[in-house]
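Structural characterization, general
One letter stands for each residue in the lines below.
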Amino acid sequence: MYIQNVSKTYRQKEVVQEVNLKLSEHKLTAFIGPNGAGKSTLLSMMSRLLEKDCGDIYISGNEITTFKSKELAKKLAILKQSNQIDLVLTVRELVSFGRFPYSQGRLTEEDHRLIEEALHYLGLDNLADRQINELSGGQLQRVYIAMILAQDTDYILLDEPLNNLDMSYAAQLMKVLRRLVDEKGKTVVIVLHDINFASSYADEIVAMKAGQVVYHDITEQVIQKPVLDELYEMNIQVCELAGKRFCLYFNE
Amino acid sequence: MKKGILLIGLMIAAVSSLFIGVHSIPITDLFHLNVQQEFILWQTRIPRTVSLMIAGATASVSGLIMQHLTQNKFVSPTTVGTMDSARLGILVTMLYFPTASILTRSVVAFIFALTGTLLFMWLLQKMSLKNPIMVPLLGIMFGNVIGSFVTFIAYKKQLIQNISTWLEGNFATVTKGDYELIYLSVPLLIVAYLYAYPLTVSGLGEDLAINLGLNYRLVQLIGMTIVALASSVTLVTVGTLPFLGIIIPNIISVYYGDQMKETLAITAVAGSLFLILCDIIARVVIFPYEVSVSLIVSILGSLIFIYLLWKGVNK
């Protein structure tokens, strides 16, 4: 996935400025950076939810605006941070929507198989017939991921999926995403607020600040005190524990 | 099971509706009706019952569609200004084309209804309201602005009497020869059924719908066109039926969920049944006179509506 000279202006403020980026395939890439850095905006443009002012975004060699929306939906899936669905649906019904780009609602044998597989992959087998409004935040987030998995795309984009999840659910979700990359060869791009999650689970990190990409490298190169201090304008201690880097950013 | 019960209930109610009225037609006489009985049956009873069934189904399905398009459970053509806009259209035809046919009136009403609904959707998008209760409130205010404009013009032009006929749904005046336009709703309901799955996907919200490759704007436009057409046709032939579009889909949603492909037919049946029952009450409550069915729908509907709001808030 290539991003070339992409910019976006909101009310005279350039939230994304001429971003150039080449994301590695079959890797988990985390976007980090302070609030208002333009991470979510960039992700929305990468998934055609938001129109870009200028620049090009290519996936598998083609610019995203040249795709028919239905065709793009078979290649790339996006999950935004706030999904308030006020509908009474069962878990299985919601996951089934993931097959919409393929069958437009008339589900085939193959669709049913992939839906059950997605449910199973996220450990939702015994929740499948429950209604989504009865679920906890963590369970619901898993249902959305299952839907996206049923969508069977090469690229999966997630905008702050850990919001409102407790530590256990958050770690569980990151492990699932890790498995999607390692076992299924998906390319996962995720916006994260907690840099420790990025440090523990991401292959590569893109650090953004004020609408620009300031670093893009493998995780070990970005999780470094000088880099993070400058990025967040804070005093961040980086320490190593059990072979992983951790950042301590509470003010002393 | 339960769906079957509703359908049987509808059939019983429809048959009862045929044999209730000032002029007694006992069901036992069905096969040896005299000339007058036969005339009444064909001239008023059957048109009335058929239009009740279609209007009830149309109003509740229109509500169901609007709720998916706005992702809000408390929205229906009567709460977002669709009906008021259609009424403005009728006023315009009365002022400028007083001799217009019922079909012309419907077309003008439709154009106004669709414009009004689009305007509301645009307002909704501009304001991006956080609280779901605010959406129907905005709609009711928007509808009232148009409604008071209609009343003002009608007052100035001395058309108040005429325009108020369209304020309240009334099936007493439905007779053979002037209600057939309502049949147009039937193909609209079929189109809605064929479009049920994309409409449900659009109910997931813009971002998720686009992620799934849905042409969100197009589906919204198609949905609103169906609703505006159906509402205009109902308005011109029988008048406004308040609350029906909100309470029926909400009750059905509690039992059968929100996958429209599964619930559209049952919503239509329940809407017909509810309206026929209200009409029967309206006809017998001060027998041999009758009250407007809108009155009964409003009384029962507002109570159920408050109950639904109460439950929604306490969820």
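You'll find chain B entered in an unreviewed UniProt entry as Iron ABC transporter permease, with Vagococcus humatus given as the organism. For chain B, the Subcellular location (unreviewed entry) comment in UniProt is given as "Cell membrane". The record in UniProt for chain B states the following under Sequence similarities (unreviewed entry): "Belongs to the binding-protein-dependent transport system permease family. FecCD subfamily."

Going by what an unreviewed UniProt entry lists, chain A is known as Iron ABC transporter ATP-binding protein and is assigned to Vagococcus humatus. Its UniProt record, at the heading Subcellular location (unreviewed entry), says of chain A: "Cell membrane".

With that out of the way, let us pick up the domain arrangement of chain A. Residue and element names in this part refer to chain A. Domain annotation for chain A reports domain 1 (1–75 + 153–219) and domain 2 (87–151). Domain 1 and domain 2 are separated by 23 Å when their C-alpha centres are compared. If you look at the interface, domain 1 gives 18 residues, while domain 2 gives 16 residues. Summing both sides of the interface, domain 1 and domain 2 together bury roughly 1500 Å²; the carbon and sulfur share of this comes to 65%. The interface formed by domain 1 and domain 2 holds one salt bridge in total. Here K184 makes a salt bridge to E117, at a shortest N to O gap of 3.4 Å. Scanning the region where domain 1 abuts domain 2 turns up five residue pairs in polar contact (both at pLDDT 80 or more).

What follows deals with the sheet that holds strand 4 (residues 54–59) of chain A. All names here are of chain A. Taken in spatial order, the four strands line up as 2-1-4-5 in an open sheet, and their pairing is antiparallel. Each edge of the open sheet is held by one strand with a lone partner, namely strand 2 (13–22) and strand 5 (62–63). In terms of strand pairing, strand 1 (residues 2–10) meets strand 4 through four bridges, oriented antiparallel. Across the sheet, residue I3 finds its bridge partner in strand 4, namely I57. Helix-sheet contacts for helix 1 (residues 39–46) involve strand 1, strand 2 and strand 4, and the interaxial angle to strand 1 is about 120°.

Looking now at the UniProt feature "transmembrane region" (unreviewed entry) in chain B. Residue and element names in this part refer to chain B. According to UniProt, the feature "transmembrane region" (unreviewed entry) maps to residues 88–121, 133–155, 181–199, 219–252, 264–286 and 292–310 in the numbering used here. Across residues 181–199, helical content stands at 74% and strand content at 0%; the span's end C-alpha atoms are separated by 26 Å. Regarding residues 264–286, the helix share stands at 91% and the strand share at 0%, and the terminal C-alpha atoms are separated by 35 Å.

The subject of this paragraph is the side chain of D84 of chain B. Position of D84 of chain B among the secondary structure elements: in helix 3 (residues 82–96). For D84 of chain B, the contacting residues outside a window of four places in its chain are G143, I146, G147 and V150 of chain B.

The next subject is a nonpolar patch on the surface. Residue and element names in this part refer to chain B. A grouping of Y183, V186, I190, Y193 and L194 is seen on the molecular surface, where their side chains present a nonpolar patch of about 460 Å² in accessible area. Inspection of the secondary structure puts Y183 in the loop between helix 6 (160–164) and helix 7 (185–194). The exposure class assigned to Y183 is partly exposed, which follows from its relative accessible area of 37%.

This part is about the interface of chain A and chain B. Note: interface size is frequently given as the accessible area lost on complex formation between the parts. Tallying the contact residues gives 29 residues for chain A and 20 residues for chain B. Interface area for chain A against chain B, summed over the two sides, is near 2100 Å², with a carbon-plus-sulfur share of 63%. Ranking the residues of chain A by area buried against chain B places L87, F97 and F100 of chain A at the top, with a combined share of 29%. Connecting chain A to chain B are four residue pairs in polar contact (both at pLDDT 80 or more). At the level of elements, helix 2 (69–72), strand 6 (76–79), helix 3 (91–96), helix 4 (100–103) and helix 6 (137–150) of chain A are the ones that each hand at least two residues to the side of chain A that touches chain B. The element best represented in the side of chain A that touches chain B is strand 6 of chain A, accounting for four residues.

The next subject is the side chain of T187 of chain A. Residues and elements named next belong to chain A. By secondary structure assignment, the location of T187 is in strand 8 (residues 187–191). Here H26 takes part through its backbone nitrogen, which lies 2.9 Å from a polar atom of the side chain of T187. Dropping the residues within four chain positions of it, T187 is found in contact with S24, E25, H26, K27, D154, Y155 and I156.

All names here are of chain A. Within strand 3 (residues 28–32), five of the five residues are buried, which leaves the element mostly enclosed by the surrounding structure. The pairing of strand 3 with strand 8 spans four bridges and is classified as parallel. In the strand pairing of strand 8, F31 is matched with V191. Where strand 3 and strand 9 (residues 204–209) come together, four bridges link them in parallel fashion. Note that in strand 9 the partner of A30 across the bridge is I205.

That bond from F287 of chain B to P288 of chain B is cis: its omega, 5°, falls within 30 degrees of zero. Inspection of the secondary structure assignment puts P288 of chain B in the loop between helix 12 (260–284) and helix 13 (293–313). Of note in this structure, E18 of chain A is not a glycine but carries a positive phi near 35°. Within the secondary structure, E18 of chain A sits in strand 2. The class of E18 of chain A is exposed, set by a relative accessible area of 55%. With a phi close to 35°, S60 of chain A is a non-glycine residue in the positive phi region.

Definitions and limits used
Residues numbered from 1 in each chain as written. Chains lettered and ligands numbered in written order. Predicted model: local features only at pLDDT ≥ 70, side-chain atom pairs only at ≥ 80, totals over all residues. Heavy atoms only, no water. UniProt positions renumbered as here; feature names shortened; annotations may be inferred. Domains from an automatic or database assignment. Contact = heavy atoms within 4.5 Å. Buried area = accessible area lost by both parts, 1.4 Å probe. Salt bridge = Lys/Arg side-chain N within 4 Å of Asp/Glu carboxyl O. Polar contact = N/O pair within 3.5 Å; in protein donor to acceptor, adjacent residues only side chain to side chain. Pairing = 2+ DSSP bridges. Helix = DSSP H or I, 4+ residues; strand = E, 2+ residues; numbered from the N terminus. Axes fitted to C-alpha atoms, helices over the stretch in contact; angles between N-to-C directions. Patch = residues over 30% accessible without salt bridge, like charges linked within 9 Å, V, L, I, M, F, W, Y side chains within 5 Å. Areas by Shrake-Rupley, 256 points an atom, 1.4 Å probe, with all protein chains shown as cover. Buried < 20%, exposed > 50% of the residue type's maximum accessible area, 1.4 Å probe, protein only.

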